[in-house]
Amino acid sequence: MVDFIADYYKSIESFPVLSQVEPGYLGKLLPDSAPDHPESLQQVLEDVQAKIFPGVTHWQSPNYFAYYPSNSSIAGFMGEMLSAGLNIVGFSWITSPAATELEMIVLDWLAKLLNLPDDFLSTGPGGGVIQGTASEAVLVVLLAAREKFLARIGKSSLNKLVVYSSDQTHSALQKACQIGGIYPENCRDISAGLVPFLLCATVGTTSSTAVDPLPALAKVAKRNGMWFHIDAAYAGSACICPEYRPYIDGVEEADSFNMNAHKWFLTNFDCSALWIKDRKVLIQALSTNPEFLKNKASQANMVLDYRDWQIPLGRRFRSLKLWMVLRLYGVQNLQQYIRNHIELARQFEDLVSQDPRFELRMPKSLTNLYTLSPPRIFSLVCFRLLSPDNDGDKGNKLNRDLLDTVNSTGKIFISHTVLSGTYILRFAVGAPLTEERHVNEAWKVLQDEASKLLATIQNN
């Protein structure tokens, strides 16, 4: 299996980055029931090669520039292998003390790299916990904030609770509200002026890496007694670099902070780090204490039981892979890794700016808020192909067509967003294998396909 995976990585550039199959393709290739007798590993791997790989979008390809990255690394692989081999279910300290204590230690390490407040450390009133995704992190935070607020105003006031965020906040917050019993109409922009209980700010929005003004929002949250959560799922990794740490200034006023190590930190999915300023609030919201889980260490409050920090009971030994990444790479190499991707994004930005047929697009908040910074802060470049007749609707269609034609080549994969009604193309640098040549080749594909589209328009 190790050799099979190694061979896959050697040939990864030979595959179409975006899977080109049609819906339902696999059901036509596989039998409709499980085999009665065992088959050989070789047979299974042959089917992986012939039937599974065509339906895989290759997130680790150096030509993958869509959404945000989902990093893997040899260190991450080894951590995953060790975790799978041990196969513990670490819901309580007693079920594997090392799993709980290593998680506390590595999240303290990461908190110190980010220069988070001491309250977020396991030695303080709060601490860190590994969730599966940022969606899970914002859900448990919302539930903790909800219970804290309802304890003051009464359980019957659930329908009065209102969540505040910008229109660029990740849709995971909306899903968390739905699960948490918060009415959809009670998820408001910060300008709506309704009764608040949670304010969610973002550092590095999904659409465009916009950065909310944390210090100003912290004052709003404090003045209104709101829970202040910061979602830095993507951009948090960059903040281990001193030059990017100022983008999370204001975190000292936050009640919770989240970043995804599995996005841009060489740690295989899933590994979402969440820090809480006051762990008692989270535990009170999520704790259950059935008889079958009782033990001396837990009953004496001598230990942390991470089952009370998350939605499910069971949990994997995920801290192993983060521990291995931190140890086998070291802080300086991780910082250089981030800086290299940001430099490659800058180079792509330069290429776009030199072609008058294209324009760079970033939200106004970035240029207004950070007047001394370029529009692109991290490793995402937002851009679009200009419509020859400056027609907005035609321009949107033109860029939709460009996205489709570029992705259908299989040579690269990019994604899109819509900002203020304008269809925007996104080019996110972050795959571990991406080099300068891949960026240059990607730009060549974009230019060539743009030329074909524009020629078609002119001929019509």
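Note that the structure is predicted; figures quoted are calculated from it, not measured.

Rules and cut-offs
- Residues numbered from 1 in each chain as written.
- Predicted model: local features only at pLDDT ≥ 70, side-chain atom pairs only at ≥ 80, totals over all residues.
- Heavy atoms only, no water.
- Helix = DSSP H or I, 4+ residues; strand = E, 2+ residues; numbered from the N terminus.
- Rg over C-alpha atoms; globule rule 2.2 N^0.38 Å.
- Buried < 20%, exposed > 50% of the residue type's maximum accessible area, 1.4 Å probe, protein only.
- Contact = heavy atoms within 4.5 Å.
- Areas by Shrake-Rupley, 256 points an atom, 1.4 Å probe, with all protein chains shown as cover.
- Lys, Arg positive; Asp, Glu negative; His and termini not counted.
- Charge placed at Lys NZ, Arg CZ, Asp CG, Glu CD.
- 1 Å grid on protein atoms, 1.4 Å probe; cavity = no way out; pocket = protein on both sides within 12 Å on 5 of 7 lines; lining within 4 Å.
- Points joined across faces, edges and corners; volume = space filled by probe spheres on them.
- Nonpolar A, V, L, I, M, F, W, Y, C, P; charged D, E, K, R; others polar.
- Pairing = 2+ DSSP bridges.
- Phe/Tyr/Trp six-rings, centres within 6.5 Å; stacked < 30°, edge-to-face > 60°.
- Lys NZ or Arg CZ within 6 Å of the ring centre and 35° of its normal.
- Polar contact = N/O pair within 3.5 Å; in protein donor to acceptor, adjacent residues only side chain to side chain.
- Axes fitted to C-alpha atoms, helices over the stretch in contact; angles between N-to-C directions.
- Parallel < 35°, antiparallel > 145°, perpendicular 65-115°, else oblique.
- Left-handed = near helix turned anticlockwise from the far one by under 90°.

All right, on to the overall build of the protein then. Across its full length, the protein holds 14 helices and 11 strands. Taking 2.2 N^0.38 as the reference for a compact globule, 460 residues should give roughly 23 Å; the C-alpha atoms of the protein span a radius of gyration of 24 Å, in line with that estimate. Principal axes of the C-alpha set define a box for the protein whose edges measure 75 × 65 × 45 Å. Counting over 460 residues, the protein shows a buried share of 52%. In the protein, 77% of the contacts between residues at least 6 apart in sequence involve partners at least 24 apart. Within the structure as shown, the protein displays about 21600 Å² of accessible surface, and the carbon and sulfur contribution to it stands at 55%. Placing the 42 positive and 47 negative side-chain charges of the protein at their respective mean positions leaves the two points 6 Å apart.

We now examine empty space enclosed by the protein. In the structure shown here, the tally under the stated rule is one cavity of 30 Å³ or more. Along its surface, the largest cavity is lined by G90, A99, T100, E103, Y306, R315, R316, F317, R318 and S319. Among the elements that make up the lining of the largest cavity, the one with the highest residue count is helix α4 (residues 97-113) (three residues). Partitioned by chemical class, the residues of the lining of the largest cavity number three nonpolar, three polar and four charged.

Note on placement: G79 falls in helix α3 (residues 74-86). Separated by 246 residues in the primary sequence, G79 and V325 place their C-alpha atoms 8.3 Å from one another. Sequence-distant contacts of G79, that is, excluding residues within four places in its chain, are made with L320, K321 and M324.

Moving on to the pairing of strand β11 (residues 422-428). When a strand is regular, its side chains alternate between the sheet's two faces. When you tally the buried positions in β11, you get seven out of seven residues, the bulk of the element. Because side chains alternate across β11, one face comprises the buried residues T422, I424, R426 and A428, and the other comprises Y423, L425 and F427, equally buried. As judged from the four bridges shared by strand β9 (residues 380-385) and β11, these two strands associate in the antiparallel manner. From the neighbouring strand, F383 faces β11, where its bridge partner is L425. Here strand β10 (residues 415-419) runs beside β11; their pairing, made up of five bridges, is antiparallel. Paired with T417 across the bridge in β11 is I424. Counting the residues that bridge the hairpin from β10 to β11 gives two residues, and of these S420 lies at a positive phi of roughly 50 degrees.

Each pair of aromatic rings is reported with the distance of its centres and the angle of its planes. Applying the stated criterion across every chain, the model contains 25 aromatic pairs. Here the aromatic rings of Y9 and F77 are separated by 5.8 Å at their centres, their planes lie at 70 degrees, and the arrangement is edge-to-face. Of the two residues, Y9 is situated in helix α1 (residues 2-10) and F77 in helix α3; the sequence distance between them amounts to 68 residues. For Y9, a relative accessible area of 24% puts it in the partly exposed group. Taken together, a centroid distance of 5.7 Å and an interplanar angle of 90 degrees make the contact between F348 and W443 edge-to-face. Of this pair, F348 sits in helix α11 (residues 319-353) while W443 sits in helix α14 (residues 436-459), placing them 95 residues apart in sequence. Classification of F348 by relative accessible area gives buried; the value is 0%. Of the aromatic side chains, those joined through ring pairs into one cluster are F4, Y8, Y9, F15, F53 and F77. Here the basic side chain of R400 rests over the ring of Y423, its NZ or CZ set 5.6 Å away from the ring centre. Positioned over the ring face of Y68 is R426, at 4.9 Å from the centre of the ring.

Take the environment of S415 next. Structurally, the position occupied by S415 is in strand β10. On the basis of relative accessibility, which here comes to 7%, the residue S415 falls in the buried class. Put simply, S415 and F65 are 350 residues apart on the chain and 7.6 Å apart in space, counted from C-alpha to C-alpha. With residues near it in sequence (within four places) discarded, S415 still touches A66, Y67, L403, I424, L425 and R426. Within the local environment of S415, its side chain forms a polar contact with the backbone nitrogen of Y67, the two atoms lying 2.8 Å apart.

Turning next to the packing of α11 against α14. The contact between α11 and α14 brings their axes to 10 Å, and the two run at 30 degrees. The angle between the axes of α11 and α14 places the two elements in the roughly parallel class. In this structure, the crossing between α11 and α14 has a hand that is right-handed. Packed against α11, whose contacting residues are L344, Q347, F348, L351 and V352, the element α14 presents E436, V439, N440, W443 and L446 at the interface. When grouped by side-chain class, the residues that make up the contact of α11 with α14 number seven nonpolar, two polar and one charged.

So, on to the pairing of strand β1 (residues 127-131). Along β1, five of the five residues are buried, which leaves the element largely enclosed by surrounding structure. With burial as the criterion, each face of β1 is covered, one bearing G127, V129 and Q131 and the other bearing G128 and I130.

Here the focus is the sheet that holds β9. An order of β8-β9-β11-β10 is seen for the four strands of this open sheet, with the pairing classed as antiparallel. Every interior strand has two partners, whereas the edge strands, β8 (358-360) and β10, have only one. The sheet shows a mean angle of 40 degrees between the axes of neighbouring strands, taken without regard to direction. Relative to β11, helix α13 (residues 392-408) is tilted by about 30 degrees, and along the sheet it contacts β8, β9, β10 and β11.

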